[in-house]
Amino acid sequence: MGFQLDKGKEVYPTSFEVLDDPRPDDFSLPAFMVSTTRGFLPRMDPIVSLPQEFSFLELFLQEMPVKKANGEPGLLARGELGEIIHSHLPDLTKHIDTYKDNLPLMNALYRDYSFLASAYLLEPCHQNFIKGKPYGLGRPMLPSNIARPIARCAELCDFKPFMEYAGSYALFNYKLLDPNGELEYSNLGLIRAFEHGLHAGSSEAGFVLVHVDMVKNSGPLVKGTVGTLDACTTKAPWADLNIYLSTILSSLVQINGSMERMWGRSKPGEYTSFRTFIFGITSQSMFPNGVVYEGVGEDGEPKSFRGESGANDSMIPLMDNLLQIPMPDTPLTTILEDFRSYRPSNHRQFLAWVRGRSEQLGLKNWVLGLDADNDDDEVLESRRLWLKILNQVRDFRWRQWCFAREYIIKKTSHPTATGGSPILTWLPNQLQAVLDEMARLYEDLDQRGGDLGEECRDIMDLVGRQRETLRKEVAKFCEERGVAAAVAA
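Source: prediction; values computed, not measured.

About the criteria used
- Here the residue numbers are simple positions, counted from 1 along each chain's written sequence.
- Totals for whole chains, interfaces and linings use all residues, but because this is a predicted model, local features are given only for residues with pLDDT of at least 70 and pairs of side-chain atoms are given and counted only at 80 or more.
- Heavy atoms from the whole structure form the basis of all side-chain values; hydrogens and water molecules are not counted.
- What counts as a helix is a DSSP run of H or I of at least four residues, what counts as a strand is a run of E of at least two, and both are numbered from the N terminus.
- The globule rule used for comparison is 2.2 Å times the number of residues to the exponent 0.38, while the radius of gyration itself is calculated over C-alpha atoms.
- Burial here depends on accessible area, computed with a 1.4 Å probe over protein chains only, as a share of the maximum for the residue type. Under 20% is buried, over 50% is exposed, and the range in between is partly exposed.
- The contact rule is simple, with two residues in contact once any of their heavy atoms fall within 4.5 Å.
- Pairing of aromatic rings covers Phe, Tyr and the six-membered ring of Trp, with a centre-to-centre limit of 6.5 Å; geometry is then stacked below 30 degrees between planes, edge-to-face above 60, and tilted otherwise.
- Only when the NZ of Lys or the CZ of Arg is both within 6 Å of the ring centre and within 35 degrees of the ring normal is a charge said to sit over the ring.
- Between Lys or Arg on one side and Asp or Glu on the other, a salt bridge is scored when a side-chain nitrogen of the former is within 4 Å of a carboxyl oxygen of the latter.
- In predicted models, pLDDT denotes the confidence assigned by the predictor to each residue on a 0 to 100 scale.
- Expected helix span is taken as 1.5 Å per residue step, with the number of steps being one fewer than the number of residues.
- Side-chain atoms within 4.5 Å are what join buried Ala, Val, Leu, Ile, Met, Phe, Trp, Tyr and Cys residues into a set we call a nonpolar core.
- Residues adjacent in sequence count toward polar contacts only when both atoms are side-chain atoms; beyond that, a polar contact is any pair of N or O atoms within 3.5 Å, and within protein one must be able to donate a hydrogen and the other to accept it.
- The arc refers to the directions leading from the helix axis to the C-beta atoms.
- Here the axes come from fitting lines to C-alpha atoms, over the contacting stretch only for helices, and the angles between their N-to-C directions go from 0 to 180 degrees.
- Each crossing gets its hand from how the near helix is turned against the far one by less than a right angle, where anticlockwise is left-handed and clockwise is right-handed.
- Lys, Arg, Asp and Glu make up the charged group, whereas Ala, Val, Leu, Ile, Met, Phe, Trp, Tyr, Cys and Pro make up the nonpolar group; the residues left over, Gly among them, are polar.
- Patches draw on residues past 30% relative accessible area with no salt bridge. Two like charges within 9 Å are joined, as are two nonpolar side chains (Val, Leu, Ile, Met, Phe, Trp, Tyr) within 5 Å.
- Only the protein chains shown count as cover for residues, with accessible areas throughout obtained via the Shrake-Rupley method and a probe of 1.4 Å.
- For the purpose of charge, His is not counted, nor are the chain termini; Lys and Arg are scored as positive and Asp and Glu as negative.
- A single reference atom marks each charge: NZ on Lys, CZ on Arg, CG on Asp, CD on Glu.

## So, the overall build of the chain
Within the chain, the regular secondary structure consists of 19 helices and 6 strands. At 23 Å, the chain has a C-alpha radius of gyration in line with the 23 Å of a compact globule built from 489 residues. Principal-axis analysis of the C-alpha atoms places the extent of the chain at approximately 75 × 55 × 45 Å. Among the 489 residues that make up the chain, the fraction classed as buried is 59%. Expressed as a percentage of contacts within the chain between residues at least 6 apart in sequence, the contacts between residues at least 24 apart total 75%.

## A closer look at the packing of aromatic side chains
What the rule picks out here adds up to 26 aromatic pairs. Here the aromatic rings of Y271 and F274 are separated by 5.3 Å at their centres, their planes lie at 85 degrees, and the arrangement is edge-to-face. Of this pair, Y271 and F274 both sit in helix α12 (residues 271-275), separated by 3 residues, roughly a single helical turn. For the residue pair Y271 and F274, the accessibility class agrees, reading buried in each case. Three or more aromatic residues joined by ring pairs form one cluster here, namely F115, Y169, F194, F207, W263, Y271, F274, F277, F403 and Y407. The ring centre of Y120 lies 4.6 Å from the NZ or CZ of R139, which sits over that ring. Its guanidinium or amino end placed over the ring of W366, K235 lies 5.6 Å from that ring's centre, counting from NZ or CZ.

## Here we look at unusual backbone geometry
A positive phi is found at D158, a non-glycine position, where the angle reads about 60 degrees. Tracing the backbone shows D158 in the loop between α6 (144-157) and α7 (165-169). The exposure class assigned to D158 is partly exposed, which follows from its relative accessible area of 40%. With a phi close to 50 degrees, K235 is a non-glycine residue in the positive phi region. One can find K235 in the loop between α9 (218-234) and α10 (238-260).

## A few points about the side chain of E123
Its location among the elements puts E123 in helix α5 (residues 103-130). Its relative accessible area of 1% is what places E123 among the buried residues. If we ignore the near neighbours within four places in the chain, the residues touching E123 are L75, L76, G79, E80, L81, G82, R139 and F277.

## Concerning the pattern of salt bridges
In this structure the tally under the stated criterion is 34 salt bridges. Across the salt bridge formed by R192 and D112, the nearest N and O atoms sit 2.9 Å from each other. Within this pair, whereas R192 is found in the loop between β5 (188-190) and α8 (203-215), its partner D112 is found in helix α5, the two being separated by 80 residues in sequence. Across the pair R467 and D436 runs a salt bridge whose closest N-O atoms are separated by 2.7 Å. Of this pair, R467 sits in helix α19 (residues 454-481) while D436 sits in helix α18 (residues 426-448); the two residues are 31 residues apart in sequence, bridging distant segments of the chain. Beyond isolated ion pairs, a larger network of salt bridges with shared partners links E58, R111, D112 and R192.

## Observations concerning the confidence of the model for the chain
For the chain, the average pLDDT comes to 94, and 97% of its residues sit at 70 or higher. Note on residues 1-8: pLDDT is under 50 here. Beyond four places in sequence and across chains, it has 24 contacts.

## A closer look at α6
For α6, with 14 residues, the first-to-last C-alpha span of 19 Å sits near the 20 Å given by 1.5 Å per residue. Among the 14 residues of α6, 10 are classified as buried, and the element is accordingly described as predominantly covered. Of all the residues in α6, the buried ones are N145, I146, A147, P149, I150, A151, R152, C153, A154 and C157. In the core, the buried residues of α6 are packed alongside α3 (81-88), α4 (93-96), α5, β3 (141-142) and β6 (292-293). Positioned one or two residues after α6, D158 has a phi angle of 60 degrees, which is positive.

## A word on the nonpolar core
L116, L142, M319 and F350 are the most contacted members of the largest nonpolar core, which has 159 residues in total. Among the elements that take part in this core, helix α17 (residues 377-409) stands out by supplying 17 residues, more than any other. In this view, L116 contacts L57, F60, L61, M64, L81, I85, L89 and I146; residues no more than four positions away in its chain are not counted.

## Things to note about the environment of D375
Here D375 lies in the loop between α16 (363-367) and α17. Judged by its relative accessible area of 30%, D375 falls in the partly exposed class.

## Considering the environment of K476
Within the element layout of this structure, K476 appears in helix α19. For K476, a relative accessible area of 43% corresponds to the partly exposed category. C-alpha of K476 to C-alpha of S283: the two residues are 193 residues apart in sequence and 24 Å apart in space.

## Examining the side chain of D26
Mapping D26 onto the fold places it in the loop between β2 (10-13) and α1 (55-63). Polar side-chain contacts of D26 include one of 2.5 Å to the side chain of S28.

## Observations concerning α1
All buried positions along α1 are accounted for by L57, E58, F60 and L61. Buried residues of α1, viewed axially, fall in a sector of 160 degrees; they line one side. On its buried face, α1 sits against α3 and α5.

## With respect to the packing of helix α13 (residues 315-323) against α17
It is the contact of α13 with α17, at a shortest axis distance of 11 Å, that shows an interaxial angle of 145 degrees. Where α13 crosses over α17, the two elements pack in a sense that is left-handed. Contacts between α13 and α17 pair I316, M319, D320, L322 and L323 from the former with W386, I389, L390, V393, F396 and R397 from the latter. The class makeup of the residues in the contact of α13 with α17 is 9 nonpolar, no polar and 2 charged.

## Brief notes about a negative patch on the surface
A contiguous patch of negative charge, built from D240, D376, D377 and E378, is present on the exposed surface. Mapped onto the elements, E378 comes out in helix α17.

Take a look at the structure:
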């Protein structure tokens, strides 16, 4: 069921159930269901141990990393993973359906097979990288002892049969070092890793676990979003609305604070050494003809999937949809839309519901009082909060751009990000969109009268400076690499 908007272009769900109790002991439900308590994290902490039938898979994953848990070099360090997979890994597909009704376990198996698949396909590229050579070509075929089980797990979990951000690499790949302890950064470790991630303090571990630490703050973000939509539905007093907007703002401040700590927990100079393994197939020079999944399907045609990317996180897209931030009609936005399919299905449905509901209700106009001549103090506070929330989205996206600049652009000439987007222009596409929205909105509100205060004026001064800085930086990098810039002056 859904209702249509925008002249039939898209269909959005008419309703959506957000969990208050994440029901961590219910194994009949998918691991990922949006809740007001855990937000976009899985309903329970990820499953670490596999059933006995998958002991061979467990052994391979323990032996695989460049640096194993015991500190010794693993199969990827020696370039021996592919050969050992061909000769020793059994096809365990027949055991999967024994546990098919345990969806969190299916998610764990999907995670583990996706790690093995990416390591197998990209092992030759890693060997070239550590020798100082270009990536070269990845393996063009995924053998049936990996292809068949990952395809079945992905089918049961509604994922792509390739590594994804939430279901595999990041949000279902942490464990509590003290199982009785809290979900705090100091109590987190990785379950699977490619390089040195099984060791505390490594940049690989820091890269993944900072994302987990960010998303643990998303429960209030969800709660505030639902409350804001409910307030608009019932036309609640502005004072009640502002409580929900303040909840969203506080959550985003926490998320951005955690994100800022990436600089110290994952070193810019060390990122490219494990980044090789999280590339996808789509738009990558390593896979010019895609990848054949041996034993999957009847046509034998090569498949192509985008790689793991933090762009597939649901928090900022949630704000895009709630705040109705317009995106430019460009091929870069088409990539953004394609990324939607690389999220857990429940996340996708929630984001679509929020977008549709916000548009149907005319949320932006109502919150900002644009359809009525109303400039009382509570409406002015709603406008301030809306602008401050936009500013947190800007802050997030600006930091993403800074990460891309310092971790990737200055370290490698490879033109595409792990998800297959153009590295120089894709993030600026979304960052420019929020900067433009803030400038338009502030000008409109300023013309309506009512003082939004010094803090909002300072925010807009920063927006002006960042628009100019972004334009210059993108133009500089694009000129150096012969790429057409897509950020307007």
